[in-house]
Amino acid sequence: MHNFNAGPSILPREVFEEASRSVLDFNGTGLSILEIGHRTPLFQAVLDEAIALLREHMGLLPEQEVLFLHGGASTQFMQVPMNLLDETATAAYTDTGVWATKAIKEAKLFGGVDVVCSSKDSGYTYLPKEFTVDPSAAYLHFTTNNTIYGTQWQDLSFFYDKGVPLVADMSSDILSRRVDFTKYGLIYAGAQKNIGAAGVNVVVVNKEMLGKVSRPLPTMMDYRNHIENGSLLNTPPVFSIYVCLLTLRWLKKAGGIAAIEKENERKAGLLYDTIDALPLFKPRAAPEDRSRMNVCFTIEDPAVEAEFLALCKEEGMVGVKGHRLSGGFRASLYNALPYESVVALTELMRSFAQRKG
Ligand code: PMP
């Protein structure tokens, strides 16, 4: 199978194999990874190594804490403003797609929200770059890669001189390219694309951002409690974290973010070149904002679109159908997707386009 799913999505084969072995016998203990206590030295070693690897891959500063939390990235839409946005303060948000819109909706429950830009009118086909941020904003929130519409900020340094702390939803492109992660007050990402298995999200928070809002925070919502308890405030998603560890080890063996970035460029380059060369297929995103993770494209005639999708299915290509909100096709090219899968898809596109004349 060629797995182009948007998330949960493909993970490296060796991760599946090792995880499977550990379900039966974790590290020769005679116990399954699914039955060890989260407060045992066995699991503590998993957690410690996963955090250390994330710190290494991302090049984090000592004041940036790494947390594994529950609830998916969607919980962060609420937890971020609850912790960082006082009732009387305002935060700046960019509106570049569905996930950004959801983050905006949640933030409004806690304080003022200034939507500094939006590409909604165009159906989120591009990233709006003409905007200003009030220097008094509590933070500026943006989505680095818009999973549904296939747009991605190419040059993140665009945000670095905005003069306010940065909060980024990196769910669908974290660990896929080199980023100066030290520039961020807070980063969050669901694990189910490039980090590992669904059921956990990674939050990287600069401690200096915390403790500044006046509202009382529920215990489980307060980042400070999770920091104090080393992501063990309650029972964590043990297996998901373990799969993250295996994926982070794989990434290191593959040469780390710098090496995977080159591979991701090669994969996306091949697919976009193919789309551009075949008039049957139309790219969805503005050329300068094209995502290397989620490549979205269409065919004008819905009947032909359906025909191509049926062909993909026949050829063992999974997850090529676009999101229900954007339609068309979406091929997700996350870290673990082999180049050969993109070759197979592009060959199919070429032969299909030729047949359609
Ligand atoms: N943000 C982005 C950019 C996403 O792609 C997604 C999920 N695809 C989410 C947030 C929501 O993640 P979750 O389902 O883990 O809540």
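Residues numbered from 1 in each chain as written. Predicted model: local features only at pLDDT ≥ 70, side-chain atom pairs only at ≥ 80, totals over all residues. Heavy atoms only, no water.

1. Focus: the sheet that holds strand β3 (residues 90-95)
Move 1: Taken together, 7 strands build an open sheet; the order of strands is β2-β10-β9-β8-β5-β3-β4 and the sheet is mixed. Looking along the sheet, the strands with just one partner apiece sit at the ends: β2 (64-69) and β4 (112-118). The sheet shows a mean angle of 15° between the axes of neighbouring strands, direction not considered.
Move 2: The pairing of β2 with strand β10 (residues 201-206) spans 6 bridges and is antiparallel. Bridge pairing in β10 places L67 opposite V203. (Pairing = 2+ DSSP bridges. Helix = DSSP H or I, 4+ residues; strand = E, 2+ residues; numbered from the N terminus. Axes fitted to C-alpha atoms, helices over the stretch in contact; angles between N-to-C directions.)

2. Here's the deal with the domain arrangement of the protein chain
Move 1: Domain annotation for the protein chain reports domain 1 (13-254) and domain 2 (256-356).
Move 2: For domain 1 and domain 2, the distance between their C-alpha centroids amounts to 27 Å.
Move 3: Counting residues at the interface gives 29 residues for domain 1, matched by 26 residues for domain 2.
Move 4: When the two sides are added together, the surface that domain 1 and domain 2 hide from each other amounts to roughly 2300 Å², 52% of it contributed by carbon and sulfur.
Move 5: Across the domain 1-domain 2 interface, the total number found is 2 salt bridges.
Move 6: The salt bridge partner of E261 is R178, with a shortest N-O separation of 2.5 Å.
Move 7: Inspection of the region where domain 1 meets domain 2 yields 17 residue pairs in polar contact (both at pLDDT 80 or more). (Domains from an automatic or database assignment. Contact = heavy atoms within 4.5 Å. Buried area = accessible area lost by both parts, 1.4 Å probe. Salt bridge = Lys/Arg side-chain N within 4 Å of Asp/Glu carboxyl O. Polar contact = N/O pair within 3.5 Å; in protein donor to acceptor, adjacent residues only side chain to side chain.)

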